[in-house]
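Observations on the model geometry
Read off the chains here:
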Amino acid sequence: MLKNKIALITGSTRGIGRAIAFNFAQNGATLIINGKSVDKVKQLSKELKNKFEIDVHEAVFDVSNYDEVKNGFKAIYKITKKLDIVINNAGILESSLIGMLSKDNLKNTYATNVDAIYYILQYASRLLARNNSGSIINLTSIMGTNGCEGQSVYSGSKAAVVGITKSLAKELADKNIRVNAIAPGFIDTDMTKNLDAKSFDMRINSIKMGRAGTAEEVANTALFLASDLSEYVTGQIIGVDGGMLL
Amino acid sequence: MNNKKIVEIFSKSLGISEEIICDSLEYNSIPEWDSIAHMTLISELEDGFDIMLDTDDIIEMSSVSKAKDILGKHNISF
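In short, a report on the structure. (Residues numbered from 1 in each chain as written. Chains lettered and ligands numbered in written order. Predicted model: local features only at pLDDT ≥ 70, side-chain atom pairs only at ≥ 80, totals over all residues. Heavy atoms only, no water.)

Focus: the overall build of chain A
For the record, the criterion: Secondary structure elements follow DSSP: runs of H or I of four or more residues count as helices, runs of E of two or more count as strands, with numbering from the N terminus. Both definitions apply: the radius of gyration is a C-alpha atom measure, and the globule rule equals 2.2 Å times residues to the power 0.38. Throughout this description, buried means an accessible area under 20% of the type-specific maximum (1.4 Å probe, protein chains only), exposed means over 50%, and partly exposed covers the range between. Here the Shrake-Rupley method, with its probe set to 1.4 Å, supplies the accessible areas, and only the displayed protein chains count as covering residues. Positive residues here are Lys and Arg, negative ones are Asp and Glu, while His and the chain termini are left out of the count. For charged residues, the charge sits on one atom: NZ in Lys, CZ in Arg, CG in Asp, CD in Glu.
Across its full length, chain A holds nine helices and seven strands. A globule of 246 residues ought to have a C-alpha radius of gyration of about 18 Å, and chain A, at 17 Å, matches this closely. Its C-alpha atoms give chain A principal-axis dimensions of about 50 × 40 × 35 Å. When burial is assessed residue by residue, chain A has 52% of its 246 residues classed as buried. A total accessible area of about 11,600 Å² is found for chain A, and carbon and sulfur atoms account for 50% of it. Across chain A, the 29 positively charged side chains and the 24 negatively charged ones have centroids separated by 4 Å.

Encoded structure:
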């Protein structure tokens with residue numbers, strides 16, 4: 001479904017990013033995988049190459065560091081010359097009540113969850129525009145669309161992703177670049193494994209389908225948005241939450 | 001050769017005659033060179049000279065002369 005497409009996936013070494021990498025690899029995409037750790041990116045690259053007959057390029061940079069993103073894209077340009085799909089997946093989640101919110105929490109969360117998307121898309125949109133087509137998929141969260149107590153920083157950062165998505169969908173539509181976002185609910189990943197049993201149960205009880213989602217289920221939605229199956233879909237925030245109520 | 005190429009790119013991207021393209025031509029000084037056309041111009045310059053420009057360069061590219069200076073940083077001489 002993604003043969004001859006080149007996809008950049010930020011934060012692809014674990015969780016949802018990793019699941020998207022495997023899903024896209026299975027569907028024939030050429031991958032540019034990203035993470036901050038050289039070892040983890042190399043390990044993922046090895047796993048993908050062993051399992052699938054695809055090209056995998058390694059892009060080790062911190063998405064929240066402007067200069068690293070700039071140099072990363074120059075390296076990507078030299079290797080692939082083009083880009084078709086961008087998944088802005090890298091993100092961090094730190095819980096904090098408003099009265100106990102540290103400046104570092106605020107700064108780091110917005111740097112990774114918001115600023116990084118601008119850095120990436122400033123360069124990526126120009127590469128996509130050269131093909132006069134492309135699909136950008138931003139990972140937001142049900143917390144960004146509905147809010148969540150104790151998560152005002154994370155929720156605020158993810159709400160920003162909604163605004164960025166809808167604005168860029170309008171700005172880039174004439175270049176045939178589609179911009180959508182996925183808003184996962186409670187997904188079984190490393191991020192959610194840290195919850196205590198009581199909080200975990202409370203979350204599950206708020207989901208109409210009665211279970212946590214999987215990273216693979218989110219990846220399937222990313223596949224739909226990345227592929228031509230969604231060629232007339234832009235500016236949408238797609239919930240993958242099993243009917244979760246927040 | 002690069003002079004001819006940059007004039008052709010400006011002409012094609014902005015949809016203006018080659019005759020009016022000179023070093024002193026500035027961004028936003030003619031209706032054809034607005035922000036939308038600027039991004040098309042950047043794309044054509046990157047394609048034409050096989051480079052990837054920095055975002056700062058795109059913002060600073062305020063004239064034909066400045067464009068030549070910026071391309072000079074990528075070892076493209078005029």
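Additional details are given in the paragraphs that follow.
Some words on the environment of Ser 29 of chain B
Residue and element names in this part refer to chain B. What counts is decided by this rule: We call two N or O atoms a polar contact when they sit within 3.5 Å, provided that within protein one can donate a hydrogen and the other can accept it, with sequence-adjacent residues counted only if both atoms are side-chain atoms.
The residue Ser 29 is located in the loop between helix 1 (2–14) and helix 2 (35–49) in this model. Distance from Ser 29 to Ser 63, taken between C-alpha atoms, is 9.3 Å for residues 34 residues apart in sequence. Here Glu 26 takes part through its backbone oxygen, which lies 2.5 Å from a polar atom of the side chain of Ser 29.

Observations regarding the interface of chain A and chain B
Put simply, the test is: It only takes one pair of heavy atoms within 4.5 Å for two residues to be counted as in contact. Accessible area, probed at 1.4 Å, shrinks when two parts are joined; the buried area is that loss added up over both. A side-chain nitrogen of Lys or Arg and a carboxyl oxygen of Asp or Glu constitute a salt bridge if their distance falls within 4 Å. Each residue gets one of three labels, nonpolar for Ala, Val, Leu, Ile, Met, Phe, Trp, Tyr, Cys and Pro, charged for Asp, Glu, Lys and Arg, and polar for the others, Gly among them.
Facing eleven residues of chain A, the contacting portion of chain B comprises 14 residues. Sorting the residues of chain A by area buried against chain B places Tyr 77, Arg 126 and Arg 130 of chain A first, and these three jointly supply 51% of that buried surface. With a closest N to O distance of 2.5 Å, Lys 74 of chain A and Asp 54 of chain B form a salt bridge. Here the side of chain A that touches chain B is composed, by residue class, of five nonpolar, one polar and five charged.

What about the environment of Ile 33 of chain A?
Residues and elements named next belong to chain A. Topologically, Ile 33 is positioned in strand 2 (residues 30–35). Between the alpha carbons of Ile 33 and Lys 51 there is a distance of 15 Å; along the sequence they are 18 residues apart. Every residue in contact with Ile 33, bar those within four places of it in the chain, is listed here: Ile 9, Ser 12, Ala 21, Val 41, Leu 44, Ser 45, Leu 48, Val 56, His 57, Glu 58 and Ala 59.

Side note on helix 6 (residues 152–172) of chain A
Residues and elements named next belong to chain A. Condition: To estimate how far a helix should extend, the number of its residues minus one is multiplied by 1.5 Å.
In this model helix 6 runs 30 Å from its N-terminal to its C-terminal C-alpha over 21 residues, within 8% of the 30 Å that 1.5 Å per residue would give. Residues of helix 6 that are buried: Val 153, Tyr 154, Ser 155, Ser 157, Lys 158, Val 161, Val 162, Ile 164, Thr 165, Leu 168, Ala 169 and Leu 172. For helix 6, the elements touching its buried residues are helix 4 (103–131), strand 5 (134–139), helix 5 (142–146), strand 6 (177–184) and strand 7 (237–240).

A look at the packing of helix 3 (residues 66–80) of chain A against helix 4 of chain A
All names here are of chain A. Note the following rule: Only the contacting stretch of a helix is used when fitting its axis, a line to C-alpha atoms as for every element, and angles between N-to-C directions run 0 to 180 degrees. Roughly parallel means an angle under 35 degrees; roughly antiparallel, over 145; roughly perpendicular, 65 to 115; everything else is oblique. Less than a right angle of anticlockwise turn of the near helix away from the far helix marks a crossing as left-handed, whereas a clockwise turn marks it as right-handed.
One can describe the packing of helix 3 onto helix 4 by two numbers: an axis separation of 8 Å at closest approach and a directional angle of 20 degrees. It follows that helix 3 is roughly parallel to helix 4 by the angle criterion. Here the hand of the crossing between helix 3 and helix 4 comes out right-handed. Contacts between helix 3 and helix 4 pair Tyr 66, Val 69, Lys 70, Phe 73 and Tyr 77 from the former with Tyr 119, Ile 120, Gln 122, Tyr 123, Ala 124, Leu 127 and Arg 130 from the latter. Considered class by class, the residues forming the contact of helix 3 with helix 4 number nine nonpolar, one polar and two charged.

Here's the deal with the pairing of strand 1 (residues 6–9) of chain A
Residue and element names in this part refer to chain A. This is how it is decided: A pair of strands is labelled paired if DSSP reports no fewer than 2 bridges between them. When the strands point away from the viewer, a crossover counts as right-handed if the route from the first strand across the helix to the second turns clockwise.
Across the two faces of strand 1 the burial is the same, with Ile 6 and Leu 8 and Ala 7 and Ile 9 all buried. Of the pairings in the sheet, the one linking strand 1 to strand 2 comprises four bridges and is parallel in character. Bridging across to strand 2, Leu 8 finds its partner in Ile 32. Traced from strand 1 through helix 1 (residues 15–26) to strand 2, the parallel crossover comes out right-handed. Relative to strand 4 (residues 85–88), strand 1 is paired through three bridges, and the arrangement is parallel. Considered in strand 4, the bridge of Ala 7 is made with Ile 85.

Thoughts on the sheet that holds strand 4 of chain A
Note on sheets: strands pair through backbone hydrogen bonds, and any given pair is parallel or antiparallel. Residue and element names in this part refer to chain A. Ordered in space as 3-2-1-4-5-6-7, the seven strands form an open sheet in which the pairing is parallel. Both outer strands of the open sheet, strand 3 (56–60) and strand 7, are each paired with one neighbouring strand and no more. Sheet twist, expressed as the mean angle between neighbouring strand axes with direction ignored, is 20 degrees. Inspection of the sheet shows strand 5 paired to strand 6 by six bridges, in the parallel sense. In the sheet register, Ile 137 faces strand 6, and the bridge partner there is Asn 180. Lying on the sheet, helix 4 is in contact with strand 1, strand 4, strand 5 and strand 6; it crosses strand 4 at an angle near 170 degrees. In the packing of helix 6 onto the sheet, the strands contacted are strand 5, strand 6 and strand 7, and the crossing angle to strand 6 comes to about 160 degrees.

Here's the deal with the side chain of Asp 57 of chain B
Residue and element names in this part refer to chain B. Within the secondary structure layout, Asp 57 lies in helix 3 (residues 55–60). For Asp 57, a relative accessible area of 3% translates into the label buried. Those residues within four positions of Asp 57 in sequence are excluded, and the remaining contacts are Ile 70, Lys 73 and His 74.

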